[in-house]
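Chain residues, written in single-letter form:
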Amino acid sequence: MKRGLSPKTEYAVMEATREVLGQRGLSGLSLDRVAERTEVTEDVYDYYDSPVELAVAFVEYERDRFDEFLMVTAEDPDLRLRALLEVLVGLVDVEDDNLIPAYLEMYARAPEEERLREALLEFDAEILDALAETIRDGIEDGTFDDVDPEAAATMIFVTHMGTFLRKSVDADTAEIRDSLDEFVLSTFRT
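Residues numbered from 1 in each chain as written. Predicted model: local features only at pLDDT ≥ 70, side-chain atom pairs only at ≥ 80, totals over all residues. Heavy atoms only, no water.

S.K.: Even after reading the chapter, I still don't get the overall build of the protein, so can you show me in this structure?
M.R.: In terms of helices and strands, the protein carries nine helices and zero strands. For the protein, whose C-alpha radius of gyration is 18 Å, the value lies close to the compact-globule estimate of 16 Å for 190 residues. With respect to the three principal axes, the spread of C-alpha positions in the protein is 55 × 35 × 25 Å. Looking at the protein as a whole, 44% of its 190 residues qualify as buried. Of all intrachain contacts in the protein linking residues separated by at least 6 positions in sequence, the fraction that spans at least 24 positions is 65%. Averaging the locations of the 19 positively and 47 negatively charged side chains of the protein gives two centres separated by 4 Å. (Helix = DSSP H or I, 4+ residues; strand = E, 2+ residues; numbered from the N terminus. Rg over C-alpha atoms; globule rule 2.2 N^0.38 Å. Buried < 20%, exposed > 50% of the residue type's maximum accessible area, 1.4 Å probe, protein only. Contact = heavy atoms within 4.5 Å. Lys, Arg positive; Asp, Glu negative; His and termini not counted. Charge placed at Lys NZ, Arg CZ, Asp CG, Glu CD.)

S.K.: I'm lost on the pattern of salt bridges in this one. Help?
M.R.: When the charged atoms of two side chains lie near each other, side chains of opposite charge can form a pair. Here the structure, examined in full by the defined rule, presents twelve salt bridges. Of the charged contacts, one joins Arg 82 and Asp 78 as a salt bridge, the two residues approaching to 3.1 Å between their closest N and O atoms. Of this pair, Arg 82 and Asp 78 both sit in helix α5 (residues 77–88), four residues apart, which is roughly one turn of the helix. Judged by relative accessible area, Arg 82 falls into the partly exposed class, the value being 44%. A salt bridge links Glu 113 to Arg 109, with the shortest nitrogen-to-oxygen separation between them at 3.2 Å. (Salt bridge = Lys/Arg side-chain N within 4 Å of Asp/Glu carboxyl O.)

S.K.: It is not clear to me how the confidence of the model for the protein should be interpreted in this structure. Could you clarify?
M.R.: Any region with low pLDDT has predicted coordinates that should not be read closely. Looking at the protein as a whole, its pLDDT mean stands at 90, while 96% of the residues score no less than 70. When mean pLDDT is taken per element in the protein, helix α7 (residues 114–140) scores highest with 96 and helix α9 (residues 174–184) scores lowest with 80. (pLDDT = per-residue confidence, 0-100.)

Given below as structure tokens:
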């Protein structure tokens, strides 16, 4: 949460940011457009200095939502992995909110914008850690065969990013999901 913002205000600002990013992408993100969509106009201008700062806050907000998702996922490693794959490879929410172009713009701008790069890398690391931990838990309880959890998580994450790119050009990604299941997941599912 942005320091000084109440959870309700942060939610309003971040959901307005989601809407603008989904409609106009990162290049169309502005404090004015976000402020127009909230009842907390002053807070947008008081707490964010630029569209990039707003984008960084949005990535951090999304990371927090991912953490919340992890807290409510099943403890069973196989079910948790399935839920993670649905979100990551199925691109649940990101596709529905039309955020794929905005995220691609963020990744493209990240080399020039240190704070945006750090926020994206931290979110990526969180996803990788969640995958590796899920696989590690599955190995420990006998659900999965013994593999290198970090390597398996990396392959799943790379598949996620590939799916993301393919979806950005409206390509069918069913083949990617099928390939993940056949060639990656089959190596450690018992």
